[in-house]
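# A structural walkthrough
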Amino acid sequence: PRGPLRPAALLMATPDPSRLAYPEFPDPLTPTLIRQLCTPRPDELRWVRERSHAPASRLGLLCWLKTFPILGRFARPQDIPAPIVAYLAERSGLT
């Protein structure tokens, strides 16, 4: 006997298993989405300033802090999309 039929909408919403194991940055990565996912909170900016003194290191740390929740892992610096890096640099005063 067959199990219950699943609605087509549910089937389309089922994520691709490869994307679950290795999540990627959303595509397209719109400015609105970057703001929603990557806007640093004041306590995060303070934490980054307390941990690192070099501007490049601060930016790298902030990039990892904000992209880890998206991917569930630390991305290689060269794999973090330039629009995210630019947004975080501007928001943190590192431009």
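An account of the accompanying structure is given in this report. Treat the numbers as computed from the prediction; the structure is a model and nothing was measured. (Residues numbered from 1 in each chain as written. Predicted model: local features only at pLDDT ≥ 70, side-chain atom pairs only at ≥ 80, totals over all residues. Heavy atoms only, no water.)

## Describing the overall build of the protein
Here is the rule we go by: Secondary structure elements are defined from DSSP: runs of H or I of at least 4 residues count as helices, runs of E of at least 2 residues count as strands, and each element is numbered from the N terminus. Each residue gets one of three labels from its accessible area relative to the maximum for its type: buried under 20%, exposed over 50%, partly exposed in between, using a 1.4 Å probe on protein chains only. Note on contacts: a residue pair qualifies if any of its non-hydrogen atoms lie within 4.5 Å across the two residues. Throughout, the Shrake-Rupley method with a 1.4 Å probe supplies accessible areas, and for residues the shown protein chains are the sole cover considered.
Along the backbone of the protein there are six helices and zero strands. Listed by position from the N terminus, the elements making up the protein come as α-α-α-α-α-α. Looking at the protein as a whole, 24% of its 95 residues qualify as buried. Here the analysis covers contacts within the protein between residues at least 6 apart in sequence; of these, 61% occur between residues at least 24 apart. In the structure as shown, the protein presents an accessible area of about 6,900 Å², 62% of it carried by carbon and sulfur atoms.

## Looking at the nonpolar core
A general feature of soluble globular proteins is that nonpolar side chains tend to end up buried together. Applied cut-off: Definition of nonpolar core: a set of buried residues of the types Ala, Val, Leu, Ile, Met, Phe, Trp, Tyr and Cys, connected through side-chain atoms within 4.5 Å.
Formed by 16 residues in total, the largest nonpolar core has its most connected members in Cys-38, Ile-84 and Leu-88. Secondary-structure elements contributing two or more residues to this core are helix H3 (31–38), helix H4 (42–51), helix H5 (55–71) and helix H6 (82–91).

## Concerning unusual backbone geometry
Going from Asp-27 to Pro-28, the amide bond is cis rather than trans, its omega being 10 degrees. Its location among the elements puts Pro-28 in the loop between helix H2 (17–21) and H3.

## Overview of the side chain of Ser-52
Its location among the elements puts Ser-52 in the loop between H4 and H5. A relative accessible area of 10% means that Ser-52 is categorised as buried.

## Observations regarding the environment of Leu-45
Note that Leu-45 resides in helix H4. Residue classification places Leu-45 among the buried residues on the basis of a relative accessible area of 17%. For Leu-45 and Arg-58, which are 13 residues apart along the polypeptide, the C-alpha to C-alpha distance reads 9.0 Å. Once you skip the residues sitting within four places of it in the chain, Leu-45 turns out to touch Pro-40, Leu-62, Arg-91 and Ser-92.

## Observations concerning the packing of aromatic side chains
Going by this rule: Centres within 6.5 Å are what make two rings of Phe, Tyr or Trp a pair, Trp counting through its six-membered ring; a difference in plane orientation under 30 degrees is then read as stacked, over 60 as edge-to-face, and the rest as tilted.
One pass over the full model with this rule turns up two aromatic pairs. A ring pair is formed by Phe-68 and Phe-74, whose centres lie 4.7 Å apart and whose planes are at 45 degrees; its orientation type is tilted. Note on Phe-68: relative accessible area 34%, which makes it partly exposed. Residue classification places Phe-74 among the exposed positions, given a relative accessible area of 54%. Pairwise contacts between aromatic rings join Trp-64, Phe-68 and Phe-74 into one cluster.

## Some words on the packing of H5 against H6
What counts here: Working convention: axes come from line fits to C-alpha atoms, limited for helices to the stretch in contact. Angles between N-to-C directions cover 0 to 180 degrees. Take the far helix as the reference: if the near one is turned anticlockwise from it by less than a right angle, the crossing is left-handed, and if turned clockwise, right-handed. Residues are grouped as follows: Ala, Val, Leu, Ile, Met, Phe, Trp, Tyr, Cys and Pro are nonpolar; Asp, Glu, Lys and Arg are charged; all remaining types, including Gly, are polar.
Two elements in contact, H5 and H6, have axes separated by 10 Å at closest approach and are oriented at 115 degrees. Taken as a pair, H5 and H6 cross one another with a handedness that is right-handed. Every residue of H6 that contacts H5 at Leu-59, Leu-62, Cys-63, Lys-66 and Thr-67 is listed here: Ile-84, Val-85, Leu-88 and Ala-89. When the residues that make up the contact of H5 with H6 are grouped by side-chain class, the tally is seven nonpolar, one polar and one charged.

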